[in-house]
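Chain by chain, the residues run as shown.
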Amino acid sequence: MRMANANIERPEGAAEDWTIPQNWGAYTPAEHAMWDQLFERQAAMLPGRVVQEFIDGLDMLRMTKPGIPDFDELSERLMRATGWQVVAVPGLVPDRVFFDHLANRRFVAGRFIRTPEQLDYLQEPDIFHDVFGHVPLLANPIFADYMQAYGEGGLRADGLGAIENLARLYWYTVEFGLIRQGSDLKLYGAGIVSSYGESLFALDDPSPNRLGFDLKRLMRTQYRIDDFQQSYFVIDSFEDLLRQTIETDFAPLYDELRGQQALEVATVLPQDHVFNIGTQAYAKTKEIA
Ligand code: HBI
Ligand code: FE
């Protein structure tokens, strides 16, 4: 995840494609313990809240065993399930590099883990966000295809000057998406499921809007990078998300969007499918503070 990264430089020691060795043997006992602490907290809370495919992915990839996962082992299992791999990078990578990895079914992950002081909030995605949050769903064939399609779409969007629009799709699906299962809403976005606070907030709190997924609408909608989202978008199924992404011709959409103003984070439109209109009480409290 995360935004603006046009001018970052490739660090010494990183390959042409920005990858670095994970160097799994170098993790300290304290770092493994940090992973276990974060894992246990999420594992205790997520059942019943997260989409079943996420739990299935954790099991299938044997991510339930203690300690920071070894990317080679993870990639071997993932490769068998869906043809994906996990590769280490030093941090944020340029958009084109990011998209190119996804288009080739490689997920780039940070290899560092947060410190105890950063338990609940950190700016850059660490290994817990990237691996616990993103990797389980890559074991699902439909979601795996969606991520590849996103990477391919990103490369095209770059050529059309429309990365900002497409990045919003990623944000409101891959990072902060909700999904309908029967009459319930469940979590699937990596930014939510890797966060204790947002896993509760996104589903239970009356503050945020919960609105039906609408591709064009969502690519017009700004997002927050500094706090819980003020609107979440609900997909019907991973099949539907993949189908819409593959079947849509994005170029004319981008043309249309160029003439329109972006929507504020908490906007509700008359044509939105509303699951609930949020009170925005949480965001209002923060404004005063
Ligand atoms: N780099 N390591 C890393 N992880 C990301 O999630 C990421 C990135 N670079 C660009 C990026 N995400 C986004 O800006 C794109 O989705 C647009
Ligand atoms: Fe992310």
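Visitor: Any chance you could explain the packing of aromatic side chains here in plain terms?
Guide: In this description, a pair of aromatic rings is defined by centroid distance and the angle of the planes. On inspection of all chains with the given rule, the structure shows 21 aromatic pairs. Between Tyr-172 and Tyr-223, the aromatic rings sit 6.3 Å apart at their centres with planes inclined by 85°, giving edge-to-face as the arrangement. Of this pair, Tyr-172 sits in helix H7 (residues 163-175) while Tyr-223 sits in the loop between helix H10 (215-218) and strand S6 (231-235); the two residues are 51 residues apart in sequence, bridging distant segments of the chain. Judged by relative accessible area, which is 22%, Tyr-223 ranks as partly exposed. Three or more aromatic residues joined by ring pairs make a cluster, and in this case those are Trp-35, Phe-39, Phe-54, Phe-128 and Phe-132.

Visitor: Please explain helix H5 (residues 127-134) as it appears in this structure.
Guide: Structurally, the α-helix is built with 3.6 residues per turn, so residues lying three or four positions apart point the same way. The buried fraction of H5 amounts to 8 of the 8 residues, a majority that puts the element mostly inside the structure. Along H5, the positions that sit buried rather than exposed are Ile-127, Phe-128, His-129, Asp-130, Val-131, Phe-132, Gly-133 and His-134. The elements touched by buried residues of H5 are helix H1 (29-45), helix H2 (52-60), helix H3 (71-82), strand S2 (106-110), H7 and helix H8 (190-193).

Visitor: What is the right way to look at the coordination of the iron ion (ligand 2) in this model?
Guide: In a perfect tetrahedron of four donors around a metal, the angles come out at 109.5 degrees. In a perfect octahedron of six, they are 90 or 180 degrees. Taken together, the protein ligands of the iron ion (ligand 2) are His-129 (NE2), His-134 (NE2) and Glu-175 (OE), with distances of 2.0 to 2.1 Å. Between consecutive donors of the iron ion (ligand 2), the numbers of intervening residues give the motif H-x4-H-x40-E. As far as burial versus exposure is concerned, His-129 and His-134 are alike and both buried.

Visitor: Mind showing me how you'd approach H7 here?
Guide: Among the 13 residues of H7, 12 are classified as buried, and the element is accordingly described as predominantly covered. By the burial criterion, the buried members of H7 are Ile-163, Asn-165, Leu-166, Ala-167, Arg-168, Leu-169, Tyr-170, Trp-171, Tyr-172, Thr-173, Val-174 and Glu-175.

Visitor: Would you mind showing me how to read the pairing of strand S3 (residues 178-181) here?
Guide: Moving residue by residue along a regular strand, the side chains alternate between the two faces of the sheet. Where S3 and strand S4 (residues 184-187) come together, 4 bridges link them in antiparallel fashion. Bridge pairing links Arg-180 to Leu-185 in S4. Joining the antiparallel neighbours S3 and S4 is a turn of 2 residues, in which Gly-182 adopts a positive phi near 60°. Sheet topology note: the S3/S6 ladder contains 2 bridges and is parallel. In the sheet register, Ile-179 faces S6, and the bridge partner there is Ile-235.

Visitor: I'm lost on the side chain of Asn-140 in this one. Help?
Guide: Secondary-structure assignment places Asn-140 in the loop between H5 and helix H6 (141-159). According to the relative accessible area criterion, Asn-140 is buried, its value standing at 15%. Not counting residues within four places of it along the chain, the set of residues in contact with Asn-140 comprises Glu-53, Thr-82 and Phe-238.

Visitor: Can you help me understand the side chain of Ser-199 in this one?
Guide: Tracing the sequence through the fold places Ser-199 in helix H9 (residues 196-204). In this structure the side chain of Ser-199 is engaged in a polar contact, spanning 2.7 Å, whose partner is the backbone oxygen of Ser-195. In contact with Ser-199, not counting residues within four places along its chain, are Gln-42, Met-45, Leu-46, Arg-49, Leu-187, Ile-192 and Val-193.

How each quantity is defined
- Residues numbered from 1 in each chain as written.
- Chains lettered and ligands numbered in written order.
- Predicted model: local features only at pLDDT ≥ 70, side-chain atom pairs only at ≥ 80, totals over all residues.
- Heavy atoms only, no water.
- Phe/Tyr/Trp six-rings, centres within 6.5 Å; stacked < 30°, edge-to-face > 60°.
- Helix = DSSP H or I, 4+ residues; strand = E, 2+ residues; numbered from the N terminus.
- Buried < 20%, exposed > 50% of the residue type's maximum accessible area, 1.4 Å probe, protein only.
- Contact = heavy atoms within 4.5 Å.
- Donors = N, O, S within 2.8 Å, 3.2 Å for Na, K, Ca; no water.
- Pairing = 2+ DSSP bridges.
- Polar contact = N/O pair within 3.5 Å; in protein donor to acceptor, adjacent residues only side chain to side chain.

Worth remembering: the numbers are spatial, not functional.
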